[in-house]
Amino acid sequence: MKPILLLFLAAAASCAQAQSYWQQEVNYTINVKLDDVKHELNADASIEYINNSPNQLTFLYFHLWPNAYKNNQTALAKQLLENGETKLHYAKDEDRGYIDGLDFKVNGQAVKMEYDPVHIDICKLILNEPLNPGGKITITTPFHVKIPLGEFSRLGHIRQQYQITQWYPKPAVYDMNGWNQMPYLDQGEFYSEWGSFDVSITVPKNYVLMATGDIQDGEAEYQWLTDKANEIKNRDWNKTIEKVVNGKLTYVPFYNDSFPASDPEMKTLRFKQSNVHDFAWFCDKRYNVQKSEVELPVSKRKVTTWALFTNSEAKLWTKATEYLNDAIFYYSKWNGEYPYNHCTAVDGALSAGGGMEYPNITVIGHMGSPFLLETVIMHEVGHNWFYGILGSNERVHPWMDEGINSANENRYIETKYPDAKLIGEAANSPIGQMFDIGQYYHKAQYELSYIVNAKRNLDQPIEFPSEEYTMLNYGGIVYSKTAIAFDYLMAYLGEELYDKCMHNYFDQWKFKHPQPADLRKVFEETTGKKLDWFFNDMINTTKKLDYRIVSYDKNTGDVTVKNAGGIAGPFCISGIKNGKPVATKWFEGFEEKQTVSLGTGDYDQVRIDPMGDMPEINRNNNILKTSGLLKKAEPLKLQFIGSLDNPERSQVFWSPVMGWNNYNKFMIGAAFYNSLIPEKTFDYMLMPMYAFGNKDLAGAAELGFNFHPNGIFQTIRLSADVKRYAYADMDQAYVRDLSFNKFTPRLTFEFRKRELRSEFTHAVGVRSVWIIRDYFRPKTGFDNLLLPATDTLNVNEASYTLSNAHTIHPFDLSLTYQQSEYFSKMMVEGKFNYNFKKRGRKMSLRLFFGTFLDTTHALAGNYSFRMSGANGSQDYLYDYIYLGRSEVVGLLSRQFTEADGGFKAYANIGDTKDWLFAMNFKSSLPLPLVNIFADAGMASGGNFQYDAGLYLSLARGICEVYFPLLYSQDIKNYMDTYDVGFSESIRFTLNLHLVKPFDALRNFSL
């Protein structure tokens, strides 16, 4: 081709590439009036929609997000319930919200509207005529919003405080991926079209109101707000004043927090703002006002800042505008200058998180401390950049706003408060020193939030749809892992180059919809580096970063390092002297093993990442001493109760323990363990105690290994536990000072979920239970002379469990097989729970079936199925804790476990070595603590049995007291025969068979 033709084609290609990006434009004019008696909005909207796409449109999707609060079938209601939040589920009709009164017209002509068949907060407008590329239409509609109670999510009111967000009909985004219609969720935020807003809001005159945008012709309103700000400049919020209340002199806070009557006169405030993609407003008649301004770092333009707050946390808000000013300054310096004229923070009754962002304005919930308030205000202000100016799709790529914003949050705190500690001012207190956590800096919270799940392979990628995260991962990955990942990237690139990348990103994509590939392109073009390790592995996978030091040659300064993780990211090594880095070098990442040169020096240690810049999954292999025999061993630290995992300590945690039963009597000892959070591959717990009753040792111990393969199983745990306690020998008229010893090796396989948010879990387990018991036997020929002896029982068990953790109707199913030399039997148990529509009302149903499979051997011992549950002497595997294991009379004899038939009335009937079926029903009553129960069942060769009565739930599932009132005839006959009166029929459960503290912490989820 001729050169001129080549030049023309190149220019055409460049022009086509530049024009490949497009976005729609939506401009709103809205008039809205607040009815603060009915808690309603009456409004009309005119929406100009401009089609900048290359495609002809025959319909538009609209979001009608107030309908998310309408019933329990919405996506929001279902998500909240999945997350364990029941307020919306149990809400009264008058507290719910919705949008109605819609009458859409396009260019003045009525159009057909269709609700989405699944989501009532989405609708489709069928256009009468296609909207061609470059064309525009005007859509008009009146609308009415019933404002929900402000306890469910973001839109709502608490009495006459209003947070009006996601409140108007809004076109869904149409971009290169097509339509992005989505139901409202509060785990997973928003994606909206760019444009302008012209909104007129009418409220009673004495409301303090602020919104997205600048007040038009609002000199009088601005003066009123300024006067209110001047009123409180020197107010001492700790003061009280004398006041006569009901004829008595009393002292009340300087200002109380009650709502004044609404002014009968109305006012209309008009707000305008361009280059935004959302509009929110907030009002309250009680708001105090602060006003300030901040000078931007480059242009020196001044931005007005406002803080509106009630008296409830007024002491915390005294420096609120300082927090606003600093946030705007630093975000402008690091990313690009704030383009708007004002920024406002309001105190609100927010239920969805601590704060929530909207253009120019943010709402903050109750905080409790000035530092936390500052952190949340600056974080939410930061969203003016990440979601506001850089309008990424928060539902699909939540890390692009929450994660990068959290990285800025961490940088803000490290810049303004370089000595800020994880536990704040308590770091230097006796508590901080006692628990060895005073040395951890603020950033540790992000790392801990990430690794608690990552250690168990329960983490999810950073690049992941927001609604598919578990609750723990939404915070631990979207916010925390992304924050420390970008902090890592900044440490590697250096702040100057990193800031250049962020400014280029801002300049190229402000007021647009960037995608992950756009951010990556900016970073790689600006740095000149291939960042596959970051954008491919760190962002898009759950691969872990983990380097470990193998060796160090003091003569050459060479350090051999092994990549023990799955990400070949860059790493740094430092020479440490007297606990401080004196030489640091960064190296490019690699796989396998490599030797790098740190250089020689007078070092006590060489250490990977001493400043904590790398999001490593394991820091315990980062340190190597330069002298001594045990170069990789750290000093032993005996730590009271527990602490965070400290790579500079070989930690052994301990805590005092006490116990009591009727045979050991009072017991005292200590528990020694190595694992709290995060989980360790190897964990142990030793709990020796001295028993003052039988003057012997008692207690328990467990050790285990945890594996998390990336296959069919989520977790494989191999463990063994032992325990030793005293009991009495029933066969020899309550001979005391006897002990049982239990040893149980076990192997558990927990299956991997297809989706981590699934409520279903299932697992299989095998264990072998060995019981060695002391007892006394008669000496031959001497009936009254007993000799000490022992007997041994071994039972092998295999089980399968299926659980559904649904908030309203959870259930558990289990199938268990047991085998010993005396018997083999199978048991099936199902526990079904249901929560009534009225909060706090519950019912449950338990079904049990058990059958012996092998009866060819003599059935010695207490292995029968029991209709009346199991008392202590019948717990042949010693699985449960009984205060009086061997008692048959007295209070302690009435403790039982709801096993086998689970009847609450005790009767030695229905016990069988064949089969047994039973059902146990419980239901709450509209009375405190009082509930009802009923049991029914049948055993082989027996009659149908039942009982019923009342029970007190003193601690649900732990301590419950049962009062049988109604029995079948066989049970009544038994009670009459053995003269069992009403008081003797009362039984109780005391379920102390709980998970150990470190298990509870290790397995917790939010």
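Fair warning: this is a prediction, and the values are worked out from it, not measured in the lab. (Residues numbered from 1 in each chain as written. Predicted model: local features only at pLDDT ≥ 70, side-chain atom pairs only at ≥ 80, totals over all residues. Heavy atoms only, no water.)

A. Focus on the overall build of the chain. Counting secondary structure elements, the chain contains 15 helices and 50 strands. The dimensions of the chain, computed from C-alpha atoms along their principal axes, are 115 × 80 × 75 Å. Counting over 1006 residues, the chain shows a buried share of 53%. By sequence separation, contacts in the chain at least 24 residues apart represent 64% of the contacts at least 6 residues apart. (Helix = DSSP H or I, 4+ residues; strand = E, 2+ residues; numbered from the N terminus. Buried < 20%, exposed > 50% of the residue type's maximum accessible area, 1.4 Å probe, protein only. Contact = heavy atoms within 4.5 Å.)

B. Focus on helix α10 (residues 495–509). Across its 15 residues, α10 extends 21 Å between first and last C-alpha, which sits within 8% of the 21 Å expected from 1.5 Å per residue. Where α10 is buried, its residues meet α4 (320–334), α6 (402–416), α9 (471–493) and α11 (516–527). (Expected span 1.5 Å × (residues − 1).)

C. Highlighting the confidence of the model for the chain. Taken as a whole, the chain shows an average pLDDT of 90; of its residues, 92% reach a score of 70 or greater. Across residues 1–18, confidence stays below pLDDT 50; counting only partners more than four residues off in sequence or on other chains, it has 3 contacts. Within the model, the stretch residues 994–1006 combines pLDDT values under 50 with 26 contacts to residues more than four positions away or in other chains. (pLDDT = per-residue confidence, 0-100.)

D. Quick look at the pattern of salt bridges. Scanning the model with the defined rule gives 45 salt bridges in all. Taking the shortest distance from any N to any O, the salt bridge between Asp278 and Lys170 comes out at 3.2 Å. Highlighted residues: Asp278 in the loop between β20 (266–276) and β21 (281–284) and Lys170 in strand β12 (residues 170–171), separated in sequence by 108 residues. Asp278 sits in the buried class, given a relative accessible area of 1%. Among the ionic pairs, Glu702 bridges to Arg717, the shortest N-O distance being 2.9 Å. One end of the pair, Glu702, is in strand β38 (residues 696–707); the other, Arg717, is in strand β39 (residues 713–729), with 15 residues separating them in the sequence. Accessibility expressed as a relative area gives 11% for Glu702, which makes it buried. Overall, the relative accessible area of 13% leaves Arg717 in the buried class. Where salt bridges share partners, they join Glu898, Lys904, Lys922, Asp935 and Glu960 into one cluster. (Salt bridge = Lys/Arg side-chain N within 4 Å of Asp/Glu carboxyl O.)

E. Just the environment of Leu422, in detail. Summarising the element assignment, Leu422 is placed in the loop between α6 and α7 (430–434). Between the C-alpha atoms of Leu422 and Gly438, which are 16 residues apart in sequence, the distance is 7.6 Å. Not counting chain neighbours up to four residues away, the residues in contact with Leu422 comprise Tyr440, Tyr441, His442, Ala444, Gln445 and Leu644.

F. Just the pairing of β39, in detail. Among the 17 residues that make up β39, 12 are buried, leaving the element largely enclosed by the rest of the structure. Relative to β39, β38 runs antiparallel, the two being bridged by 9 bridges. Looking at β39, one finds that Glu702 is bridged to Asp721. Hairpin connection from β38 to β39: 5 residues lie between these consecutive antiparallel strands. (Pairing = 2+ DSSP bridges.)

G. Representation of the nonpolar core within the structure. Ranked by size, the top nonpolar core spans 178 residues in total, and within it Trp167 and Trp281 carry the most contacts. If one sorts the elements of this core by residue count, α9 sits on top with 12 residues. When sequence neighbours within four positions are dropped, the list of residues in contact with Trp281 reads Val32, Leu34, Leu41, Tyr162, Gln163, Ile164, Trp167, Ile201, Val203, Leu209, Met210 and Ala211. Ala671, Leu676, Tyr725 and Leu793 belong to the second-largest nonpolar core, a separate cluster that totals 41 residues. (Core = buried A, V, L, I, M, F, W, Y, C linked by side-chain atoms within 4.5 Å.)

H. View of the packing of aromatic side chains. Within the structure shown, the criterion is met by 80 aromatic pairs. A connected cluster of aromatic rings, assembled from ring pairs, spans Trp399, Phe486, Tyr488, Tyr492, Tyr498, Phe523, Trp533, Phe534, Phe535 and Trp586. In this structure, Lys70 is placed above the aromatic ring of Tyr98, and the distance from its NZ or CZ to the ring centre is 5.9 Å. Stacked on the ring of Tyr951, the Lys or Arg Lys922 has its end atom at 5.4 Å from the ring centre. (Phe/Tyr/Trp six-rings, centres within 6.5 Å; stacked < 30°, edge-to-face > 60°. Lys NZ or Arg CZ within 6 Å of the ring centre and 35° of its normal.)

I. Focus on unusual backbone geometry. Following Ile677, the chain continues into Pro678 via a peptide bond in cis, with omega recorded as 0°. Positioned with a positive phi, Glu592 is a non-glycine residue whose angle comes to about 65°. Mapping Glu592 onto the fold places it in the loop between β30 (580–587) and β31 (593–597). The backbone phi angle of Ile641 is positive, close to 65°, even though this residue is not glycine. By secondary structure assignment, the location of Ile641 is in the loop between β34 (636–640) and β35 (650–661).

J. Main features of the packing of helix α5 (residues 370–382) against α6. At a minimum axis distance of 9 Å, the contact between α5 and α6 shows a crossing angle of 135°. Viewed along their axes, α5 and α6 adopt a mutual orientation that is oblique. Along this stretch, α5 crosses α6, giving a crossing that reads as right-handed. Counting all contacts with α5, which are made through Phe371, Glu374, Thr375, Met378, His379 and Gly382, the residues of α6 involved are Glu402, Asn405, Ser406, Asn408, Glu409, Tyr412, Ile413 and Lys416. (Axes fitted to C-alpha atoms, helices over the stretch in contact; angles between N-to-C directions. Parallel < 35°, antiparallel > 145°, perpendicular 65-115°, else oblique. Left-handed = near helix turned anticlockwise from the far one by under 90°.)

K. Expanded view of the state of the cysteines. On inspection of all chains with the given rule, the structure shows 0 disulfides. Of the cysteine sulfurs around Cys283, a residue in no disulfide, the closest is that of Cys343, at 19 Å. Here Cys283 falls in the buried class, since its relative accessible area comes to 0%. (Disulfide = S-S within 2.5 Å.)

L. Summary view of the sheet that holds strand β7 (residues 112–115). Overall, antiparallel pairing links the 4 strands, which are arranged β7-β8-β3-β12 in an open sheet. Each end of this open sheet is capped by a strand with a single partner; those strands are β7 and β12.

M. Molecular detail of the side chain of Lys922. Within the element layout of this structure, Lys922 appears in strand β46 (residues 915–924). Note on Lys922: relative accessible area 10%, which makes it buried. Within the structure, Lys922 has its side chain in polar contact with the side chain of Glu960 (distance 3.3 Å). Within polar-contact distance, the side chain of Lys922 engages the side chain of Tyr962 at 2.7 Å. With near-sequence residues (within four places) excluded, Lys922 lies in contact with Lys842, Met843, Ser844, Glu898, Lys904, Ile932, Phe933, Tyr951, Glu960 and Tyr962. (Polar contact = N/O pair within 3.5 Å; in protein donor to acceptor, adjacent residues only side chain to side chain.)

N. Layout of the sheet that holds strand β27 (residues 547–553). Read across the open sheet, the 3 strands follow the order β27-β28-β31; overall the sheet is antiparallel. The sheet terminates laterally at β27 and β31, the two strands that pair on one side only. For this sheet the average axis-to-axis angle between neighbouring strands, irrespective of direction, equals 25°. When strand β28 (residues 558–563) meets β31, the two strands line up antiparallel, connected through 5 bridges.

O. The environment of Leu965, seen in detail. Inspection of the secondary structure assignment puts Leu965 in strand β49 (residues 959–967). Through-space distance from the C-alpha of Leu965 to that of Ala934 is 9.9 Å; in sequence the pair is 31 residues apart. Those residues in contact with Leu965 that lie beyond four places of it in its chain are Ala948, Gly949, Leu950 and Phe982.

P. Layout of helix α3 (residues 219–231). Helix length check: α3 (13 residues) gives 18 Å between terminal C-alpha atoms against 18 Å at 1.5 Å per residue, within 8%. When α3 is considered as a whole, its buried residues turn out to be Glu221, Leu225, Thr226, Lys228 and Ala229. Taken around the axis of α3, the buried residues stretch over an arc of 160°, which confines them to a single face. Residues Glu219, Ala220 and Glu231 are exposed on α3 and point more than 90 degrees away from its buried face. Among the structural elements, β16 (208–211), β17 (214–216), β20, β22 (288–295) and β23 (302–309) are those in contact with the buried residues of α3. (Arc of directions from axis to C-beta.)

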